[in-house]
Each structure stands twice: as structure tokens, then as C-alpha cells.
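Working through the structure, step by step
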Amino acid sequence: MDTAPSAQPLTTTPAAPNRRRVATAAALASAVEWYDYFVFGIAAALVLGDLYFPAGSPTAGVLASFATFAVGFLARPLGGIVAGHLGDRRGRKPMLVLALTLMGLATTGIGLLPTYDTIGVAAPVLLVLLRVAQGVAVGAQWGGAMLLATEYAPEGKRGVYGSVVQLGVPIGVVTANTVFLLAGAFTTDSAFTAWGWRLPFLIGLFVLVLAWYIHTRVEETPEFREAERLLAEKEKDGHGSPLRTILRGHLGTVLLAGGSFAVNTATFYILITGVLDYTTRELDMDRGAVLTVSLCVSLTQLVLIPASAALSDRVGRIRIYTWGAVGIAVWAVPMFLLIDTGSLLWLAVGTFVASCFLSIMYGPQAALFAELFTPEMRYTGASLGYQIAAVGGGGLAPFVMVLLLETTGTSMAVAGYIVALAVVALASIKVLADRARSR
């Protein structure tokens, strides 16, 4: 049931020390890349609206800021397409190095960018362009890091090895929240608004150091080397384009993968960005306290993600994946009822339980997506599926949340949005499971 429709066995025989080095590099690449990506989301909820989109009401500024946040997601499929195509033809490692370099430069650029008061309309324009660069970078990164980990995994441990890349998300959230908390703690409110918020972005320079390490110390995956020979044979027959192969023969699988995961990424960004704005702007909760709750909740994912991935190695990817999607659907309404109390304790309870269900889905997701496609088109197919979900779910989620709250006046509309995405996910998972069963 849990073998992907078009999967082929992943076979690797690298030495254990090399596996550990590659897994560590992939995990670090994912963590620093997501850190750079998430600091924008936190800044969008806290300061970017006033600094770069000052005209109009506070709500209009937040909507404009979150729209810029969403632009990064719209750019992610472009990164996935370009890096996926080249990654299937030229290798996983060079695309990961390129993605890290682009992310480091874009994030540092945001930290140095003058505000609207200094350079006028050029400020939001440049902010959008740098956010697009971040989106392209993260769209390119995930597939490279994920395949470095899973294609080096020993037999029976693909879920666990894939989960080290997934851990980059909570590590990125924890680090981004921690740096923002420290920046706020050591500056006054006026200093934080003036320059303190820039410090988390300037740390993006360290990404370039990791890019150099991976370039010089990490080897290409053995499975890509084998796929490279197969691709060369196909090129002789005029059928060597991974992107063309995906679009002609496997687009349905890509769309199903995206549909299955959109609820996860949407709920995640609602929790770390939308809820931060909602609780501080509408419920008058303390910014530092809410950030601390988000940080603590994300820490629990460091345990839950590898645990669910390990379980998927034993009982099957789709089964664990389904449990997570069902849990998200069931918990959406209770979660917002708890958040609406304005209590820090109930906020922590509501977001913690939701985070558990997100982790149950997210743990096996890397291995599941890798197994949906054969090696010569895996980077392209898996990246497209993931990034489609990111656009349809995560990128628009904070914007949709603010819009729903403004038009309906109730957080239950946001809960309904999550439930609707969960229904799409469960339908997509069922089709994937039926295809696997038929094979």
C-alpha cells in the first residue's frame, strides 16, 4: 500500500562515515536555509508593514507585508523547476550549493535594505525582489538536501534519513524566534524598529560558509551517478529531459503530492506567522511571550519528526501521513477556540497539539516524495510536488488568514480554511494509496 506509484527501490552502499557526513551537511543546509526564510515571516508580522508599506491602515500594512511574504512562495516552484531539472542532469550537490549561496546573499540584502522613508517606493520594490530570490533559493534547496539524505540512506532507514532534512524547519523556526527574542530583549522598542530587526537577517552571511563546506567536502550521491548513466542513454534517443518526462507522464503524481501536503504547510505558516500577527494585533498579547510559545512548540518537533519518520519505516509512509492529516482536520476548530481565549497557556496547548499532527505528517514526507519518482527525474518531481503545496498552502495562508478575519470577524473561518485543505489532502492521499495498491 505504501510503495509509491512510480517508485523504484533506492539502493545505496556508501560507507557509514560518509553517510553521517552527508546527513549532517544536509540537515545543516536545511536548517540555515529555513532560518533565513523564516526570519522574513516573523519580521513581516512585526515590523515590515510599517517600514516598507506605511500608507493606509495598520491592517492594510500587514496585508501588504504578508503579500510580499507570499511572493516568496510563488517563486518557489521556479526554483524547484530549474534546480530540479539541473539537479537531475548535473547532480544534487551543485544545486544545493547554488541555493545556499543565493539565500545567503538575498537574506543579507534584506538586512541592509533602506526603508520607505529613506528611498521611497524603491524600498518595497527591492524588498519584493529580494523575497523572490529567497523563494527561488528555498525552492531549489529542499530537493537537493532531501535527496542527499535519502539517496545515501541504508535500506530500511529512508524515513529516518529524510527526516534530518525535515528537522531543518523546526530548527530554523527555533533559531529565528530565538534571534528575534534576543534582538528585542537587548534593544528598546524604538531601537528594535529602527535597526534591531535587521540583525537576524545579517546572520544570513554564515550560509555562505556552509555552501563552501558542502562544495568542498560532500560527494555526489551514488544513486545519482547511476541515474546519470541512464539519463545519458535516454538523451541519445531524444528523451533525456527530466522536466519534459514529468510534465508528459507524471504530472498527476506531482499534483497529488502537492494536494496531499498543502494543508500541512498552510497550517504551519498560520501557526508561526498568522497567529503571531493575530495574537499581538487583535488579542493584545505580548510579542515576546507569543514568540516564546512558538519557540517551545517548535522544540517538540525535534523529537516528533524523526519519531514519526522512524515509524513510517516500519508501518508505511502513507499510513502515518494519513494519521497526521486527519489530526489536523479534527483539531482545527478546537485550536482556534483555545487561541481566542487570549490565554498564553491555552495558546500553547492549542498550537502544541496542532504541531504534533504537523510533525506526524512532516516526518515521513521527504521519503514518501522521493519514492514517488525514479532517480533520473526525482529532483524535478519531488521538488515540484513540494513547491506546489507551498504556493497553494503556505504562501497564501497568512494573507488568507488576515483576509478571513477582517471579512468574517471570526477565527472559525480560518479553521474552516484548514479543514477544507485537509479534505483535499485526504482525497489526494487516497488516490496515491489506491495507485500503489493497484501495483
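What counts, and where the lines are drawn
- Position labels on residues start from 1 in each chain and follow its written sequence.
- Residues qualify for local features only when their pLDDT is at least 70, as the model is predicted, and side-chain atom pairs are given and counted only at 80 or more; totals for whole chains, interfaces and linings, by contrast, use all residues.
- The side-chain numbers reported here are obtained from all heavy atoms of the structure, hydrogens and water having been left aside.
- Helix numbering and strand numbering both begin at the N terminus, where a helix is a DSSP run of H or I of at least 4 residues and a strand a DSSP run of E of at least 2.
- We call a residue buried when its accessible area falls under 20% of the maximum for its residue type, exposed when it is over 50%, and partly exposed in between, using a 1.4 Å probe and counting protein chains only.
- We call two residues contacting when some pair of their heavy atoms lies within 4.5 Å.
- Per-residue and other accessible areas were derived by the Shrake-Rupley procedure at a 1.4 Å probe size, with only the shown protein chains allowed to occlude residues.
- Pairing of aromatic rings covers Phe, Tyr and the six-membered ring of Trp, with a centre-to-centre limit of 6.5 Å; geometry is then stacked below 30 degrees between planes, edge-to-face above 60, and tilted otherwise.
- Only when the NZ of Lys or the CZ of Arg is both within 6 Å of the ring centre and within 35 degrees of the ring normal is a charge said to sit over the ring.
- In the analysis that follows, any N or O atom pair within 3.5 Å is treated as a polar contact, provided that within protein one partner can donate a hydrogen and the other can accept it, and provided that, for residues neighboring in sequence, both atoms belong to side chains.
- Multiplying 1.5 Å by the residue count of a helix minus one yields the expected span of that helix.
- Salt bridges are defined as contacts in which a side-chain nitrogen from Lys or Arg sits within 4 Å of a carboxyl oxygen from Asp or Glu.

1. Topic: the overall build of the protein chain
Helix and strand counts for the protein chain stand at 19 helices and zero strands. Within the protein chain, buried positions represent 59% of all 439 residues. The long-range fraction of contacts in the protein chain, counting pairs at least 24 apart against all pairs at least 6 apart in sequence, stands at 87%. Approximately 16100 Å² of the protein chain is accessible, and the part contributed by carbon and sulfur atoms is 67%.

2. Section: the environment of Gly196
The topology assignment puts Gly196 in the loop between α8 (189–194) and α9 (199–202). Distance from Gly196 to Gly184, taken between C-alpha atoms, is 7.0 Å for residues 12 residues apart in sequence. When sequence neighbours within four positions are dropped, the list of residues in contact with Gly196 reads Ala183 and Ala191.

3. Thoughts on the packing of aromatic side chains
Per the stated rule, a full pass over the model turns up nine aromatic pairs. Note on Tyr52 and Trp197: the rings are 6.2 Å apart at their centroids and 90° apart in plane angle, and the pair reads as edge-to-face. In this pair, Tyr52 sits in helix α1 (residues 16–52) while Trp197 sits in the loop between α8 and α9, placing the two residues 145 residues apart along the sequence. Neither Tyr52 nor Trp197 differs from the other in exposure class; each is buried. By way of ring pairs, the aromatic residues Trp142, Phe261, Tyr362, Phe369 and Tyr386 are connected into one cluster. Sitting above the plane of the Phe192 ring, Arg287 keeps its charged end 4.6 Å from the centroid.

4. Re the side chain of Ser298
Mapped onto the secondary structure, Ser298 falls in helix α14 (residues 287–315). Reaching out from Ser298, the side chain makes a polar contact with the backbone oxygen of Ser294 at a distance of 2.9 Å. Apart from residues lying up to four places away in sequence, Ser298 is in contact with Pro170, Val173 and Val174.

5. Describing helix α18 (residues 397–408)
Here α18 spans 16 Å end to end across 12 residues, near enough to the 16 Å set by a 1.5 Å rise per residue. Downstream of α18 by one or two residues, Gly409 has phi in the positive range, about 75°.

6. Quick notes on the pattern of salt bridges
As enumerated under the stated definition, the model contains 10 salt bridges in all. Linking Glu151 and Arg92 is a salt bridge whose minimum nitrogen-to-oxygen distance equals 2.8 Å. Here Glu151, found in the loop between α5 (122–150) and α6 (158–166), pairs with Arg92, found in helix α3 (residues 92–112); they are 59 residues apart in sequence, far enough to count as distant. By relative accessible area, which is 0% here, Arg92 ends up buried. A salt bridge links Arg158 to Glu371, with the shortest nitrogen-to-oxygen separation between them at 2.8 Å. You can see Arg158 sitting in helix α6 and its partner Glu371 sitting in helix α16 (residues 344–371), a full 213 residues away along the chain. Here the two residues Arg158 and Glu371 agree in accessibility, since each one is buried. Three or more residues are tied together by salt bridges with common partners; here these are Asp88, Arg92, Glu151 and Arg378.

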